[in-house]
Amino acid sequence: MRKVGIIGMGHVGATVAYTLFTHGIADELVLIDKNEDKVAAEYNDLRDSLSRNNYYVRVTMQDWHELKDADIIVTAFGDIAASVKTGDRFGEFELNAKNAKEVGEKIKNTGFKGVLLNISNPCDAVAQILQETTGLSKNQVLGTGTFLDTARMQRIIGEKLGQDPKNVEGWVLGEHGSSQFIAWSTVRVNNKIAIQLFSENEQRKLNKVPNKNSFVVANGKGYTSYAIATCAVRLIQAIFSDAHLYAPVSVYNPEYKTYIGYPAIIGRDGIEQVIELKLTSNEREKLQAAADKIKEHLEQLKNK
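Residues numbered from 1 in each chain as written. Predicted model: local features only at pLDDT ≥ 70, side-chain atom pairs only at ≥ 80, totals over all residues. Heavy atoms only, no water.

Student: For this particular structure, what's the right way to read helix α6 (residues 147–161)?
Tutor: What sets the pattern is the α-helix's 3.6 residues per turn: residues three or four places apart point alike. With 15 residues, α6 should reach 21 Å at 1.5 Å per residue; the first-to-last C-alpha distance of 21 Å fits that figure. Every buried residue of α6 is accounted for by F147, L148, D149, T150, R152, M153, Q154, I156, I157 and G158. Elements that come into contact with the buried residues of α6 comprise β7 (168–173), β8 (181–189), α7 (200–221), α8 (226–240) and β10 (245–253). Just downstream of α6, G162 is the residue with a positive phi angle, here 70°. (Helix = DSSP H or I, 4+ residues; strand = E, 2+ residues; numbered from the N terminus. Expected span 1.5 Å × (residues − 1). Buried < 20%, exposed > 50% of the residue type's maximum accessible area, 1.4 Å probe, protein only. Contact = heavy atoms within 4.5 Å.)

So this is what it looks like as structure tokens:
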């Protein structure tokens, strides 16, 4: 039985739950949120659709003990308002760092031994706090990281060249936030080197679009949901099917000594392997700068 716990039933958590429920990806869902009315509403709305849904899914709510034998826990807590206001995902850090410690302790107390997938922002820093607090191994804890930012990059480059985004390969690396960057040395379109298809000025403009697009969505809707939930569900599928999916996620990188957006192989046990990239010196400097920003915020938290 494929069992998923979702902690945080805001727009993202609810969209993840709905997708898993309607696509038959999970057999059991455990819904948890601080807001009793919200989680009860999502619980009943899903269960009311059982007689019309193509799949039967067992749904429970507000029972932490149900997480003990879950295969995957998704953490999607927090309020995006601070990030939208500041234009920086670290706007949510103080609140979500506290949430991560509280949630991490509760997860630890359940005896959970599966894979933890974090969506909460700032994704990389929160993933690290959750890993340290739960005591789970680094391969068991990952975040959506730059998986979404890479999807946004694939879309914009695909549109520029009149191509399906799936024809675009390559990565957005670093922080899932303002210090992310397109690693142009890795980008290919139908096996053509993308850096040769755009001028330096076009590259600079395109570098800003993935992060900018997230705030276009958030400012217009008040939140983001569909794209990030789709990324989370894709990772859940990869874990359930032991797909050995090659994707950029928030993963602990021993070279940079922090969680950061970087390519890894994702399978049944979470992170199977971190794949070393041959980056340019400029790209390595950007990656180091992103890692330093993440570690700086984590260090500030320890000193409070």
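Alright, that's what it looks like, and here's the rest.
Student: How do you make sense of the sheet that holds β7 when you look at a structure like this?
Tutor: By way of backbone hydrogen bonds, the strands of a sheet pair with one another, either parallel or antiparallel. Overall, antiparallel pairing links the three strands, which are arranged β7-β8-β9 in an open sheet. Looking at the sheet topology across the chains shown, the edges are occupied by β7 and β9 (192–193). In this structure, β8 lies alongside β9, joined through two bridges in antiparallel fashion. The residue of β9 that forms the bridge with R188 is I193. (Pairing = 2+ DSSP bridges.)

Student: Teacher, can you tell me more about the nonpolar core here?
Tutor: For soluble globular proteins, the rule of thumb is that nonpolar side chains tend to be buried together. Ranked by internal contacts, the top residues of the largest apolar core, which has 81 residues, are V16, L20, L29 and L31. The leading source of residues in this core is α8, at nine residues. Two domains each donate at least three residues to this core, and these are domain 1 (1–141) and domain 2 (145–301). Beyond its immediate chain neighbours, meaning those up to four positions away, L20 contacts V4, I6, I25, A26, L29, V233 and I236. Core analysis: the second largest hydrophobic core is formed by 13 residues, V172, V189, F198 and L206 among them. (Core = buried A, V, L, I, M, F, W, Y, C linked by side-chain atoms within 4.5 Å. Domains from an automatic or database assignment.)

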